[in-house]
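Fold and contact review
One-letter residues, chain by chain:
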Amino acid sequence: MKTQTPNADRSGRAVVEVVDGPIDLAATLDGGQAFRWWPDDAEGQGSYRGVILDRVVRISPSGNDLVVTALDDKPVDQAAGLVSDHVNASATLAAFRRKFGSEPGVCGAILDYPGLRLLRQDPWECLACYLCSSTSSVKRIKQNAEDLAVTLGRKVGPGKGDFEFPSAQAVADAGEQKLRDLKLGFHAKGLAKAAALVAAGDLDLSSLRTLAYDEAKRELLKLEGVGDKIADCVLAFSLDKPQTFPLDTWVRQAVRKRYTLPDRCDDAFIREWAREKFGDFSAIASQFLFYREWVTRGTAG
DNA sequence: TCTACGCCTTACCT
DNA sequence: AAGGTAAGGCGTA
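What counts and what doesn't
Residues numbered from 1 in each chain as written. Chains lettered and ligands numbered in written order. Predicted model: local features only at pLDDT ≥ 70, side-chain atom pairs only at ≥ 80, totals over all residues. Heavy atoms only, no water. 1 Å grid on protein atoms, 1.4 Å probe; cavity = no way out; pocket = protein on both sides within 12 Å on 5 of 7 lines; lining within 4 Å. Points joined across faces, edges and corners; volume = space filled by probe spheres on them. Nonpolar A, V, L, I, M, F, W, Y, C, P; charged D, E, K, R; others polar. Axes fitted to C-alpha atoms, helices over the stretch in contact; angles between N-to-C directions. Helix = DSSP H or I, 4+ residues; strand = E, 2+ residues; numbered from the N terminus. Parallel < 35°, antiparallel > 145°, perpendicular 65-115°, else oblique. Left-handed = near helix turned anticlockwise from the far one by under 90°. Contact = heavy atoms within 4.5 Å. Near = heavy atom within 4 Å. Polar contact = N/O pair within 3.5 Å; in protein donor to acceptor, adjacent residues only side chain to side chain.

1. Quick notes on empty space enclosed by the protein
Counting across every chain of the model gives one cavity of 30 Å³ or more. Its volume calculated, the largest cavity comes out at about 30 Å³. Contributing to the lining of the largest cavity are Leu93, Phe96, Arg97, Ile110, Pro114, Leu116 and Phe288. Considered class by class, the residues forming the lining of the largest cavity number six nonpolar, no polar and one charged.

Set out below in structure tokens:
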């Protein structure tokens, strides 16, 4: 674990130190990687409220660091440790900036969004959310995730939306039809099946963190409803695989706009091109390309 | 094997 | 206001 010992006080707050901060919370927590963070300006501008595992927290910017407030009446230092891990607070961005800070395709995004980072999410929640992502929108995926939590998850805090993301067991117990009732559409089937596998212990998502990229991806691709793109998102955003290059409609558009590629190349070609170009910085590069294209709805550059 | 295309849910956008 | 689109995947021709 990449947790650290936070600096806690008695008021339910703790400081999380951030390497190469500050973190852009809007871009990082609410920029299409994760789906259960909401703006919360109770602590001034730029704060976000959400649930990590069973802890309800508010995360606020504080200089280069973060202030974590526990909103669930449990020890703040543990919550701060979860936050530190979730936002990759101890990860350095220096090498990426050094190598690609002047590279024409991504340097604009790096300049415009210097605080964008990769998250390190809970693998089950990450997989479940991306199983709901095909031909959907970030806004609707967030609604799906919220519906799942409120309907199938445990209440873990005082707020209306303070629900734990439901366990694989809880989702498996609900079954496909109930998931369809939650308006998950055709995603319900794949989610129900994945939940059953994880709940039965036939798929240990956390153990994929210690596997090589190809091995881990092979396991994810066995799941119904998981193809290259969704597998890559889970690998990049929750399974410590920085060499993956999630390729969706926005990244594809960004790549075609900002780089010179053969006119009729397919996704496999682009993935291979990205692997050679970005190497172990593929995941973060993809996210910069995605975020700039997505927030500007394709009108940037 | 490779490619193209239809289909799958539903809400939001114009 | 009807039709296209939205962090895709899968089966078939």
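Having seen it, we continue.
2. So, the packing of helix H7 (residues 168-181) against helix H8 (residues 187-199)
It is the contact of H7 with H8, at a shortest axis distance of 8 Å, that shows an interaxial angle of 160°. Taken together, the axes of H7 and H8 lie roughly antiparallel to each other. Of the two possible hands of crossing, H7 and H8 adopt the one that is left-handed. Contacts between H7 and H8 pair Ala168, Gln169, Val171, Ala172, Gly175, Glu176, Leu179 and Arg180 from the former with Ala188, Lys189, Leu191, Ala192, Ala195, Ala196, Val198 and Ala199 from the latter. In the contact of H7 with H8, the residues fall into 11 nonpolar, two polar and three charged.

3. So, the protein's contact with DNA strand B
Every residue lining DNA strand B is accounted for by Thr135, Lys139, Arg140, Arg180, Lys183, Gly185, Phe186, Arg264 and Asp266. Restricting the count to atoms of DNA strand B within 4 Å of the protein gives a sugar and phosphate share of 62%. At 2.5 Å, a side-chain N or O of arginine 180 approaches a phosphate oxygen of DNA strand B. Between DNA strand B and phenylalanine 186, the relevant distance is 3.3 Å, taken from a sugar or linking oxygen to a main-chain nitrogen or oxygen of the residue.

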